[in-house]
Amino acid sequence: MEKNLTLVPSSMLSTVSALGVQNMGAGKYDRADQILRCAMGIAVGFGVCVAVLIQFIAEPVVGLFTTDTMVVILGAQYIRGYIWDCIFAGVHFSFSGYFCAYGRSEISFIHNLIAILCVRIPGVYLTSKFFPDTLFPMGLATATGSLLSVIICVIFFGWLKRRERSRKKITSV
C-alpha cells in the first residue's frame, strides 16, 4: 500500500528530472526552478488531501487487504502516522529529480542515507520500544525521516543557488 501512496511523489521526481534537465541544458535554470516549485506544489497538495482523508477512512482502506480485525486496527494506526510522509516525500522526491537534472545525483543519495540512518531506523526502533501498544508513532517516525530529507534538500538547494550566483558574478566581471 505504501508504494501506491507515493505514486504521485514518485512521478514528480521523474517529471522534474526530465523537464529540469531539458531546461538546464538550454540554459534556462529559472524555468527548471519553476518546474521544481510546481512539482512540489502538486505533490504537497496531493499529500495534504490524502493525509487528511486517511485520518477518517484508515480502517476501511486497510480492510481492503485483510479481514483480520487486529491487523486492520494496527494497520490503521500505522497508516494514520505514515500518511504524513506523502507530503514530505513529495518535496524531497521533487528535489531529488532536480538534483539529478543538475548533475548532482549524489545529493539524493546523501539525504536519503542520512534520513534512513539517523531518523527512520532509530525512530522506528525507539517507537516500537516506547509505544508497544500502538503503531501510530512508528508511522510518524517514517514521516520524520522524510522531513529531515526535506531540510537537507533545502540546504543543498540553497548551496547550489549560491554557487550559481557566484559563477554568474565571476563570468560577468
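Residues numbered from 1 in each chain as written. Predicted model: local features only at pLDDT ≥ 70, side-chain atom pairs only at ≥ 80, totals over all residues. Heavy atoms only, no water.

Attention now goes to a positive patch on the surface. Together, Arg-162, Arg-165, Lys-168 and Lys-169 give the surface a local cluster of positive charge. Within the secondary structure, Lys-169 sits in helix 7 (residues 136–172). (Patch = residues over 30% accessible without salt bridge, like charges linked within 9 Å, V, L, I, M, F, W, Y side chains within 5 Å. Areas by Shrake-Rupley, 256 points an atom, 1.4 Å probe, with all protein chains shown as cover. Salt bridge = Lys/Arg side-chain N within 4 Å of Asp/Glu carboxyl O. Lys, Arg positive; Asp, Glu negative; His and termini not counted. Charge placed at Lys NZ, Arg CZ, Asp CG, Glu CD. Helix = DSSP H or I, 4+ residues; strand = E, 2+ residues; numbered from the N terminus.)

Look at helix 5 (residues 85–101): 24 Å from first C-alpha to last across 17 residues, which is about the 24 Å you get at 1.5 Å a residue. Within helix 5, 15 of the 17 residues are buried, leaving the element largely enclosed by the surrounding structure. Just downstream of helix 5, Gly-103 is the residue with a positive phi angle, here 85 degrees. (Expected span 1.5 Å × (residues − 1). Buried < 20%, exposed > 50% of the residue type's maximum accessible area, 1.4 Å probe, protein only.)

Turning our eyes to something else, we now look at the packing of aromatic side chains. In this structure the tally under the stated criterion is eight aromatic pairs. On the numbers, 5.8 Å between centres and 15 degrees between planes, the contact of Phe-95 with Phe-99 is stacked. One end of the pair, Phe-95, and the other, Phe-99, are both in helix 5, four residues apart, so they sit about a helical turn from each other. Of the two residues, Phe-95 and Phe-99, both sit in the buried class. Pairwise contacts between aromatic rings join Tyr-29, Phe-95, Tyr-98, Phe-99, Tyr-102 and Phe-157 into one cluster. (Phe/Tyr/Trp six-rings, centres within 6.5 Å; stacked < 30°, edge-to-face > 60°.)

Orientation of helix 2 (residues 7–25) relative to helix 3 (residues 29–63), taken along the N-to-C sense of each, is 170 degrees, at an axis distance of 8 Å. Between helix 2 and helix 3, the angle is such that the two are roughly antiparallel. For the pair formed by helix 2 and helix 3, the contact residues are Val-8, Pro-9, Met-12, Val-16, Leu-19, Gly-20, Asn-23 and Met-24 on the first element and Tyr-29, Arg-31, Ala-32, Ile-35, Leu-36, Ala-39, Ile-42, Ala-43 and Phe-46 on the second. Looking at the contact of helix 2 with helix 3, its residues break down into 14 nonpolar, two polar and one charged. (Axes fitted to C-alpha atoms, helices over the stretch in contact; angles between N-to-C directions. Parallel < 35°, antiparallel > 145°, perpendicular 65-115°, else oblique. Contact = heavy atoms within 4.5 Å. Nonpolar A, V, L, I, M, F, W, Y, C, P; charged D, E, K, R; others polar.)

Let's shift gears to the environment of Leu-117. With respect to the secondary-structure elements, Leu-117 resides in helix 6 (residues 105–130). The exposure class assigned to Leu-117 is exposed, which follows from its relative accessible area of 53%. Measuring from C-alpha to C-alpha, the distance between Leu-117 and Asn-23 comes to 34 Å, with 94 residues separating the pair along the chain.

Further remarks concern the pattern of salt bridges. Pairing between side chains becomes possible if they bear opposite charge and their charged atoms approach one another. Under the defined criterion, the tally for this structure stands at five salt bridges. Here Arg-104 ties to Glu-106 by a salt bridge, and the two come within 2.5 Å at their closest N and O atoms. The partly exposed category is assigned to Glu-106, whose relative accessible area is 32%. Overlapping salt bridges bring together Asp-33, Lys-161 and Glu-164 as one network.

This paragraph deals with the nonpolar core. Nonpolar side chains in soluble globular proteins generally cluster together in the buried interior. Among the nonpolar cores identified, the biggest contains 20 residues, and Val-16, Met-24, Leu-36, Phe-95, Tyr-98, Phe-99 and Phe-157 are the most heavily contacted of them. When contributions to this core are tallied by element, the ones reaching two or more residues are helix 2, helix 3, helix 5 and helix 7. Once you skip the residues sitting within four places of it in the chain, Tyr-98 turns out to touch Val-16, Met-24, Ala-32, Asp-33, Leu-36, Phe-157 and Lys-161. Formed by 12 residues, the second largest nonpolar core is a distinct cluster that contains Ala-51, Ala-76, Ile-79 and Cys-86. (Core = buried A, V, L, I, M, F, W, Y, C linked by side-chain atoms within 4.5 Å.)

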